[in-house]
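Topology and contacts: notes
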Amino acid sequence: MQTIKFRAAIVAVALAAFAAVPTVHARSADAPVTEADLAAHIRTLAGDAFEGRAPGTDGEDRTIAYIVGEWAKAGLEAVPGSATPWLQPVPFVETQALSGTAMFKVNGRDFALGDDGIVVTGRDASVALASLPAVFVGYGIDGAGQVNADVKGKLAIMLFDNAPFGEALPRYRERRQMLADAGASAVLVIATDAVPWDALRESVGSKSMRLASAKAGAPVSGFLSPEAADALFKAAGQDGAALREAAKAADYQGAVLPVTADFTTASTVRFFASHNVIARLPGARPDGKAVLFLGHWDHLGICAPEGAADRICNGAVDNASGIAVLIEVAKRLGRGARPDRDIYFLATTAEEKGLLGARWFADHPVVPLSDITVALNVDTIAISPRGTPVATIGRGKPAYDAVVREVATTLGRTLDADGEADAFIQRQDGWALGAKGVTSLMVGGSFSDMALLEAFLSGNYHRAGDNFSDQIPLGGAAEDADLHVALGRAFADTKRWAVK
Ligand SMILES: [Zn+2]
């Protein structure tokens, strides 16, 4: 665990380097953000020296130093009264699976599943469980979002995909946790076509992180390939396709299987702190309300096995591009006409591990959440060219939508009204704040052109190929950066956006 003192030294060095900030007089208009402005930041943040920006690594130290340095240059300040200026420590538990075995009995007789179709990991350093009765739970929840079966002391076998019923029901990680909270001793998630089996397998072999404050997961968790699940169901006298079909009902209550399971696992467990970076631009005429910009600084770190040509997931698009935008937005707002309201800038850690830094901030905000009039999240923004319509994830509140429409239209942007972007609402940091009642929007072109977005998601996304290159489209990101400057001005304007 690296100490806070050490991080404070990193911040001090970053600040000293830029102590002499030139005074720039307020301008009437903000200079447009250029592709070159963004490219410079992305090239640095996604450089190999930053090692893919994994939390708790040297790459984190470099990333923090860079962001703090750039935001200080922009005129942002540490939040007054914070014990660790610029940084919010976020305590984590990291688990690395060393080994895991699973053995099944069907109707009391050994059933060999084969190692290819199953991968398991333990919550603690060493776990041994025997003769767990198995139950297939479908999505694990009912239409009301409640755990749908008795899983106490059992192995629960759950589907990965989002439930086809109900409104905004939780994704698989949360559902898996709900099953653990309900007493499941083991949870196996059946893989989906949407995520390649090899990727899921590797994700278990790699390190997993949770907030130290979070409830512990089930003692054993893991994944089953669709084929392995079907083989197990078949041996148990069930048909996999029929079980999946039955599970689509909002009142499905699971199917008890004539199956028992034994598990043994070994893992290393490490406690450490990573950090959110938090800064503030004090308002000229503060009225107690605030605007929050956020984006995640972290990415996946060293992600490919030893021997691979490129082992680093550099995260150029995801999300060096978003941090680059937040740096340039801070510069425009910090050096131009000073907005009325306080504007907070938050670079979160561990988004890739399940929005963990954003969740920690939402539980430990440096400004009361009820004072945040809007949160604007910037993630994976270098997708589209100039001229792409503006989509809004989290839209639906007419007054907010009107501001976005007016600001975008003033900048000559058109609006995307088809709602396809809504599918991503749970996959971004704004969700952690939205869950606590903060109006959280993700505005821009990257989630507007679904063909371009899908091409990225099925291509370099979360792979070593997400490197900085001249091929990354930055025109749309530059336009979206201008849009965020204007949105920041609009929502921080006490006359234009009058809120109680
Ligand atoms: Zn990501």
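By convention here, each chain's residues receive numbers from 1 onward along its written sequence. For this predicted model, a pLDDT threshold of at least 70 governs which residues receive local features, and a threshold of 80 or more governs which side-chain atom pairs are given and counted, while totals over whole chains, interfaces and linings are taken from all residues. Side-chain metrics rest on all non-hydrogen atoms present in the structure, leaving aside hydrogens and water.

So, helix α4 (residues 172–181)
What counts, and what does not: The classification of residues rests on relative accessible area computed with a 1.4 Å probe and restricted to protein chains. Under 20% of the type maximum is buried, over 50% is exposed, and intermediate values are partly exposed. For helices the rule is a DSSP run of H or I covering at least 4 residues; for strands it is a run of E covering at least 2, with both sets numbered from the N terminus onward. For this quantity, the arc is that covered by the directions from the helix axis to the C-beta atoms. Should any heavy atoms of two residues lie within 4.5 Å, those residues are considered in contact.
Within α4, burial applies to Y172, R175, R176, L179 and A180. Each buried residue of α4 sits inside an arc of 145° when the element is viewed along its axis, so together they form one side. The inward-facing, buried residues of α4 contact β4 (126–138), β5 (155–159), β6 (186–190) and β8 (220–224). Once α4 finishes, G183 follows within two positions and takes phi at roughly 105°, a positive value.

Things to note about the state of the cysteines
Applied cut-off: Our working definition of a disulfide is a cysteine sulfur pair at a distance within 2.5 Å.
Applying the stated criterion across every chain yields a total of one disulfide. A sulfur-sulfur distance of 2.1 Å marks the disulfide that ties C303 to C313. Between C303 and C313, the disulfide has an S-S torsion of 85° and is therefore right-handed. Taken together, the residues span a long stretch of sequence, with C303 in the loop between β11 (301–302) and β12 (312–313) and C313 in strand β12 at a distance of 10 residues. Owing to a relative accessible area of 26%, C303 belongs among the partly exposed residues under this scheme. Here C313 falls in the buried class, since its relative accessible area comes to 1%.

Focus: the confidence of the model for the protein
Threshold: Every residue gets a pLDDT, meaning the predictor's confidence in that residue, from 0 to 100.
Per-residue pLDDT for the protein averages 92, and the proportion of residues at 70 or more is 95%. Overall, residues 20–27 carries pLDDT values under 50, and its contacts beyond four positions in sequence, including any with other chains, amount to nine contacts.

Here's the deal with the coordination of the zinc ion
For clarity, the cut-off: Coordinating donors are taken as N, O and S atoms within 2.8 Å of the metal, stretched to 3.2 Å for Na, K and Ca; because water is absent from the atoms, sites can appear incomplete.
For the zinc ion, every protein donor is listed as D318 (OD), E352 (OE), E352 (OE) and H462 (NE2), and the spread of their distances is 2.0 to 2.3 Å. Sequence spacing of the donor residues for the zinc ion, all on one chain, is D-x33-E-x109-H. On the criterion of sequence distance, the pair formed by D318 in helix α8 (residues 316–335) and H462 in the loop between α12 (450–457) and α13 (475–491) is long-range, its members being 144 residues apart. Owing to a relative accessible area of 3%, D318 belongs among the buried residues under this scheme. In this structure H462 comes out as partly exposed when scored by relative accessible area, which is 28%.

Quick look at the domain arrangement of the protein
When the parts of a complex come together, some accessible area is lost, and that lost area is often taken as the interface size. Convention followed: Boundary definitions for the domains trace back to an automatic or database domain assignment. The term buried area refers to how much accessible surface (probe radius 1.4 Å) is lost by two components on association, counted for both of them together. Salt bridges are identified by distance alone: a Lys or Arg side-chain nitrogen within 4 Å of an Asp or Glu carboxyl oxygen.
Once the domains are mapped, the protein shows domain 1 (4–77 + 282–491) and domain 2 (94–269). For domain 1 and domain 2, the distance between their C-alpha centroids amounts to 34 Å. Each side of the interface is counted separately: domain 1 has 12 residues, and domain 2 has 12 residues. Both sides together, the interface formed by domain 1 and domain 2 hides about 960 Å², and carbon and sulfur atoms give 58% of it. The largest per-residue losses of area from domain 1 upon contact with domain 2 belong to K353, L356 and Q426, which jointly make up 47% of the total buried on that side. For the pair domain 1 and domain 2, the number of links is one salt bridge.

Focus on the pairing of β8
Let me state the cut-off plainly: Here, any two strands with at least 2 DSSP bridges between them count as paired.
A large share of β8 lies buried, amounting to five of its five residues. Covered by surrounding structure in β8 are V220, G222 and L224 together with S221 and F223, the residues of both alternating faces. Here strand β3 (residues 118–122) runs beside β8; their pairing, made up of five bridges, is antiparallel. Across the sheet, V119 pairs through a bridge with F223, a residue of β8. With five bridges joining them, β6 and β8 adopt parallel strand pairing. Each bridged residue has a counterpart across the sheet, and for A186 the counterpart in β8 is V220.

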